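Summary of the model geometry
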Amino acid sequence: MSPFFIARTATCVFVPLLLLFLSGLSLRIFFNLWPVILTGVFVTVFRSFDLPAFSFNRDGFYSGCIYALNFFMAALASGIVFKTTSPLQIRGGLCRVEDALAKIFPFVKKLNLALAISLTINFLPSIFEYWNKT
C-alpha cells in the first residue's frame, strides 16, 4: 500500500469521527446508517468473487472493503452536517464559495451552481428518511 493511500484512508476515517466528536451528537447516528452498511457489505461480497469461475478475488475483497469504508464515512459526515446545519446555512456557504469562484471564473455566477447544489444536497436527508421508513 502506498503512503498516499494510507493517508487518504486515514483522513477519510478521521475527519468524520472528528466531526462527530465536535458536534456532540450521539453515537445513535451509526444505527441510522444501516442501509449504507448493508450496501457496503453487498458491494464487498460481489467484488470478492469472480462469477464465471466462482473463485475468491482477494484484490476485489480489499477494494470492496475500502469502497464500503469510504461510502460509510462519507454518509456519516453528511449525516453530521445535515443534523448540525440548516438548509439556509448550507446555501449561504455555497453562495460564498460561488462568489469566490466567480472572481476567478466569471461564468460561474451565471450558472447559479450554489442554488442547484444546495437543493440537491438538502434533498439527501429526505432520501435517507424514506429509505429508513421502507
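Residues numbered from 1 in each chain as written. Predicted model: local features only at pLDDT ≥ 70, side-chain atom pairs only at ≥ 80, totals over all residues. Heavy atoms only, no water.

What follows covers the pattern of salt bridges. For the structure shown, the criterion picks out two salt bridges. One salt bridge connects lysine 109 with glutamate 98, and the closest N-O pair in it is separated by 3.7 Å. Of this pair, lysine 109 sits in helix H5 (residues 107-111) while glutamate 98 sits in helix H4 (residues 87-104); the two residues are 11 residues apart in sequence, bridging distant segments of the chain. Among the residues examined, glutamate 98 registers a relative accessible area of 5% and is labelled buried. The shortest N-O distance in the salt bridge between aspartate 99 and lysine 109 comes to 2.6 Å. One end of the pair, aspartate 99, is in helix H4; the other, lysine 109, is in helix H5, with 10 residues separating them in the sequence. Sharing partners across several salt bridges, the network here consists of Glu98, Asp99 and Lys109. (Salt bridge = Lys/Arg side-chain N within 4 Å of Asp/Glu carboxyl O. Helix = DSSP H or I, 4+ residues; strand = E, 2+ residues; numbered from the N terminus. Buried < 20%, exposed > 50% of the residue type's maximum accessible area, 1.4 Å probe, protein only.)

For the pair helix H2 (residues 34-48) and helix H3 (residues 58-84), interaxial distance at closest approach is 7 Å and the crossing angle is 165°. Between H2 and H3, the angle is such that the two are roughly antiparallel. For the crossing formed where H2 meets H3, the hand is right-handed. The residues of H3 that touch H2, namely those facing Val36, Ile37, Thr39, Gly40, Val43, Thr44, Arg47 and Ser48, are Gly60, Phe61, Ser63, Gly64, Cys65, Tyr67, Ala68, Phe71, Phe72 and Ala75. When grouped by side-chain class, the residues that make up the contact of H2 with H3 number 10 nonpolar, seven polar and one charged. (Axes fitted to C-alpha atoms, helices over the stretch in contact; angles between N-to-C directions. Parallel < 35°, antiparallel > 145°, perpendicular 65-115°, else oblique. Left-handed = near helix turned anticlockwise from the far one by under 90°. Contact = heavy atoms within 4.5 Å. Nonpolar A, V, L, I, M, F, W, Y, C, P; charged D, E, K, R; others polar.)

Turning next to the packing of aromatic side chains. The tally for this structure, following the rule as stated, stands at seven aromatic pairs. With 5.9 Å between their ring centres and 20° between their planes, tyrosine 67 and phenylalanine 71 make a pair best called stacked. Here phenylalanine 71 and tyrosine 67 lie together in helix H3, a separation of four residues that amounts to about one turn. When its relative accessible area of 27% is taken as the criterion, phenylalanine 71 is described as partly exposed. Linked through ring pairs, Phe49, Phe56, Phe61 and Tyr62 together constitute an aromatic cluster. We note arginine 47 situated over the ring of tyrosine 67; from NZ or CZ to the ring centre the distance is 5.3 Å. (Phe/Tyr/Trp six-rings, centres within 6.5 Å; stacked < 30°, edge-to-face > 60°. Lys NZ or Arg CZ within 6 Å of the ring centre and 35° of its normal.)

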